[in-house]
Amino acid sequence: MRALSHHKKRCGDNDPQARFSCLFLAYLAFFYIAAFNPVFGEKVSQYLFVPLTEKIASATSLLLNVLGEKTEVAPLDGENPARVKILGSRYGVIIHNGCNGGFAAMIFLAALLAYPLPVMARICGALLGFVLVQGVNLARTVSLFMVGAYHPEYFHDAHVFFAPGVVIVCVMAFWMFWIDRWSVVPVRFRVGDEKSGS
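The rules behind these values
- Residues numbered from 1 in each chain as written.
- Predicted model: local features only at pLDDT ≥ 70, side-chain atom pairs only at ≥ 80, totals over all residues.
- Heavy atoms only, no water.
- Axes fitted to C-alpha atoms, helices over the stretch in contact; angles between N-to-C directions.
- Helix = DSSP H or I, 4+ residues; strand = E, 2+ residues; numbered from the N terminus.
- Parallel < 35°, antiparallel > 145°, perpendicular 65-115°, else oblique.
- Left-handed = near helix turned anticlockwise from the far one by under 90°.
- Contact = heavy atoms within 4.5 Å.
- Nonpolar A, V, L, I, M, F, W, Y, C, P; charged D, E, K, R; others polar.
- Buried < 20%, exposed > 50% of the residue type's maximum accessible area, 1.4 Å probe, protein only.
- Polar contact = N/O pair within 3.5 Å; in protein donor to acceptor, adjacent residues only side chain to side chain.
- Phe/Tyr/Trp six-rings, centres within 6.5 Å; stacked < 30°, edge-to-face > 60°.
- Lys NZ or Arg CZ within 6 Å of the ring centre and 35° of its normal.
- Pairing = 2+ DSSP bridges.

S.K.: Pulling in residues and values, what's your account of the packing of helix α3 (residues 41-66) against helix α5 (residues 119-150)?
M.R.: Here α3 crosses α5 at 55 degrees, and the two axes come no closer than 9 Å. With respect to each other, α3 and α5 are oriented oblique. α3 and α5 meet at a crossing whose hand is right-handed. Counting all contacts with α3, which are made through Leu-52, Ile-56, Ala-59, Thr-60, Leu-63 and Leu-64, the residues of α5 involved are Phe-130, Gln-134, Asn-137, Leu-138, Thr-141, Val-142, Phe-145 and Met-146. Looking at the contact of α3 with α5 residue by residue, the class counts come to 10 nonpolar, 4 polar and no charged.

S.K.: Give a detailed account of the side chain of Thr-60, specifying residues and quantitative values.
M.R.: Topologically, Thr-60 is positioned in helix α3. Among the residues examined, Thr-60 registers a relative accessible area of 1% and is labelled buried. A polar contact is formed between the side chain of Thr-60 and the side chain of Thr-141, at a distance of 2.7 Å. When sequence neighbours within four positions are dropped, the list of residues in contact with Thr-60 reads Ile-86, Leu-138, Thr-141 and Val-142.

S.K.: Which residues make up the packing of aromatic side chains, and what values go with them?
M.R.: Under the counting rule described, the total for this entry stands at 16 aromatic pairs. With a centroid separation of 5.7 Å and 35 degrees between ring planes, the pair formed by Phe-108 and Phe-174 is classed as tilted. Highlighted residues: Phe-108 in helix α4 (residues 102-114) and Phe-174 in helix α6 (residues 155-182), separated in sequence by 66 residues. Across the pair, Phe-174 and Phe-108 agree in class, each one buried. Seen from their ring centres, Tyr-115 and Trp-175 are 6.1 Å apart, and the 90 degrees between their planes marks the pair as edge-to-face. Residue Tyr-115 is located in the loop between α4 and α5, and its partner Trp-175 is located in helix α6; the two are separated by 60 residues in the primary sequence. Among the residues examined, Trp-175 registers a relative accessible area of 11% and is labelled buried. Grouping aromatic residues by their ring pairs yields a cluster made of Phe-108, Phe-174, Phe-177, Trp-178 and Trp-182. The ring of Trp-182 carries the charged tip of Arg-181 above its face, separated from the ring centre by 4.3 Å.

S.K.: Tell me about the pairing of strand β3 (residues 92-95), and name the residues and values.
M.R.: Residue alternation in β3 divides its side chains into a buried set, Val-93 and Ile-95, and an unburied set, Gly-92 and Ile-94. Sheet topology note: the strand β2 (residues 84-88)/β3 ladder contains 4 bridges and is antiparallel. Following the sheet pairing, Leu-87 is matched in β3 by Gly-92. What sits between the antiparallel neighbours β2 and β3 is a turn of 3 residues.

Next up, the structure:
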């Protein structure tokens, strides 16, 4: 009977880390499939990612103009609508899906939902996390434009290595702060608890 019940146990029933990992991957897969499936992924892009990309591009251009850079936002001549150009007097960049903070927001939301938190803490955390991701991403796009305009030799490394790392660190730091502040972890989820799963 023990062997039978053992095989019927779900992923992570007695292991909080495994349970979190299973839920995190499940939520992440769900978001990815919902966003990029061939059935209605195009609609998700049209009504979510494209407007988000346009708003990030517009906000980036606005901040650059405040900083003294004369920039304007322009579409890519009828090409992929999820890609927008920011043109300046000395430099130009293209903002696309990978630059709008959408992927980072999905990762944060998957991690938030996978951890045992009160419903309101999840809702508030999701809203604040999305704002944080967009704020950090906006700082990223502005900084990358300035690097490209004044130190183009460093743009590739800043774009590929440094800037994504900063976004990840900020998102993870907020996630750790939030779950530490609002976590409601039942006994069976506590790592190292000898009574776990009893």
